[in-house]
Amino acid sequence: MSNFRSMCLADDRLVGTFVAIPHPVAVEVVAAAGADFICIDAEHSQIGRELIENLIRAADVHHVPTMVRVPGHAPESIAGVLDAGAAGVLVPRVSTAAQAQAAVAATRYPPLGERGVGPGRAAGYGYRIPDYLKSANDSLVLAVQIETAEGLRNVEEIVAVDGIDVIFIGPGDLSVSLDAMGPDGAGRLEAAILTITEAAAKAGKTVGIFRPTPDDVGKWSKAGISFYLLASDTMFLGASLAAGVKAARDA
């Protein structure tokens, strides 16, 4: 089992961030900053399959594990980024047990799944296929994202699916799906997050969440969440520059 997956399953507090800037320099800067891991966002950014491999290489320079949030449920998208050397995948919009089972099948080699064998970077371009096949099922991290009202209704069935390592909560989309945006919906959103967290923890799954700032990480850690994706490279860049400009103008 990889050290990264071991840490995920051990419920150590892990703090990473999304990478949305489609350039290896951005990945190197983020990786050098001390994040426990990074997650390349291939769902909501201009990052395609052709670029992902070079972004993973950039993180490898600093020995930082790299996950990829894939665009959807397509098995070829999942297998492609794993072949490129990703340490795991984050699958968005998982709302049913069947979708969770399909993610497991796409991530794991037989007999646990249906992932096809290819001579990609992860397998040494064909030179290390036997070794990779022996270790991949035990070393890769599969996180599925619950972020819809349907997913909330089906949470007990989703968390019971074997082969999922992390149940990841997407508060933004979840708040929209539950019609719980803004201050008026804060209570309903928090109740939904706690419901997912409790169900996942009861099933022995690690729980993760997106947070735009670190302000309430302590609160959610006490609730049982240990896997954090904190903002993104673009959000940190914008916030830091805005703060610097304001400070310079106010000096």
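Located above this text is the structure these notes cover.
All values reported here derive from a predicted model rather than from experimental measurement.

**Regarding the side chain of Thr-17**
Relative to the elements of secondary structure, Thr-17 occurs in strand S1 (residues 14–19). Taking relative accessible area as the criterion, Thr-17 reaches 7% and is therefore assigned buried. Of the polar contacts made by the side chain of Thr-17, one reaches the backbone oxygen of Leu-230; its length is 2.6 Å. One polar contact links the side chain of Thr-17 to the main-chain carbonyl oxygen of Ala-231, over a distance of 3.3 Å.

**Quick word on unusual backbone geometry**
Of note, the bond from Pro-110 into Pro-111 is cis; its omega dihedral lies within 30 degrees of zero at 10°. Along the chain, Pro-111 falls in the loop between helix H5 (97–107) and helix H6 (129–139). Of note, the phi angle at Ala-231 is positive, near 50°, even though the residue is not glycine. As for its placement among the helices and strands, Ala-231 is situated in strand S8 (residues 227–232). Ala-231 sits in the buried class, given a relative accessible area of 1%.

**Notes on the packing of aromatic side chains**
Two numbers describe a pair of aromatic rings. These are the distance of the centres and the angle of the planes. Taken as a whole and assessed by the stated rule, the structure comprises five aromatic pairs. Considering the side-chain rings of Phe-4 and Phe-37, the 5.6 Å spacing of their centres and the 40° angle between planes classify their relative orientation as tilted. Taken together, the residues Phe-4 in helix H1 (residues 3–9) and Phe-37 in strand S2 (residues 37–41) connect sequence positions 33 residues apart. Judged on exposure class, the residue Phe-4 and its partner Phe-37 are both buried. Between the aromatic rings of Phe-18 and Phe-210, the centroid separation amounts to 6.0 Å while the plane-to-plane angle is 40°, which identifies the pairing as tilted. On the criterion of sequence distance, the pair formed by Phe-18 in strand S1 and Phe-210 in strand S7 (residues 206–211) is long-range, its members being 192 residues apart. With relative accessibility at 4%, the residue Phe-18 sits in the buried group. Members of the aromatic cluster, connected to one another through ring pairs, are Phe-4, Phe-37, Phe-168 and Phe-227.

**Some remarks on the sheet that holds S7**
In space, the eight strands of this closed barrel follow the order S1-S2-S3-S4-S5-S6-S7-S8, with parallel pairing throughout. On average, adjacent strands in this sheet sit at an angle of 25° to one another, irrespective of strand direction. As defined by bridge partners, strand S6 (residues 166–169) adjoins S7 across four bridges and the pair is classed as parallel. Its bridge partner being in S7, Ile-169 is matched across the sheet by Ile-209. In this fold helix H3 (residues 49–60) packs onto S2 and strand S3 (66–69), with an angle of close to 165° to the strand it touches most, S2.

**Some details on the environment of Gln-99**
In this fold, Gln-99 is placed in helix H5. Put simply, Gln-99 and His-73 are 26 residues apart on the chain and 7.6 Å apart in space, counted from C-alpha to C-alpha. Every residue in contact with Gln-99, bar those within four places of it in the chain, is listed here: His-73, Arg-93 and Val-94.

**Some words on the environment of Phe-236**
Positionally, Phe-236 belongs in helix H12 (residues 233–250). Overall, the relative accessible area of 41% leaves Phe-236 in the partly exposed class. When the C-alpha positions of Phe-236 and Gln-46 are compared, they lie 18 Å apart, and in sequence the two are 190 residues distant.

**Details of helix H2 (residues 24–32)**
Since the α-helix advances by 3.6 residues per turn, residues separated by three or four positions end up pointing in the same direction. Listed in full, the buried residues belonging to H2 are Ala-26, Val-27, Val-30 and Ala-31. Down the axis of H2, the sector holding all buried residues measures 130°, keeping them to one side. Relative to its buried face, H2 has exposed residues pointing more than 90 degrees away, namely Val-25, Val-29 and Ala-32. Buried positions along H2 lie against S1, S2, H3 and H12. Just past H2, the residue Gly-34 takes up positive phi, approximately 105°.

About the criteria used
Residues numbered from 1 in each chain as written. Predicted model: local features only at pLDDT ≥ 70, side-chain atom pairs only at ≥ 80, totals over all residues. Heavy atoms only, no water. Helix = DSSP H or I, 4+ residues; strand = E, 2+ residues; numbered from the N terminus. Buried < 20%, exposed > 50% of the residue type's maximum accessible area, 1.4 Å probe, protein only. Polar contact = N/O pair within 3.5 Å; in protein donor to acceptor, adjacent residues only side chain to side chain. Phe/Tyr/Trp six-rings, centres within 6.5 Å; stacked < 30°, edge-to-face > 60°. Pairing = 2+ DSSP bridges. Axes fitted to C-alpha atoms, helices over the stretch in contact; angles between N-to-C directions. Contact = heavy atoms within 4.5 Å. Arc of directions from axis to C-beta.

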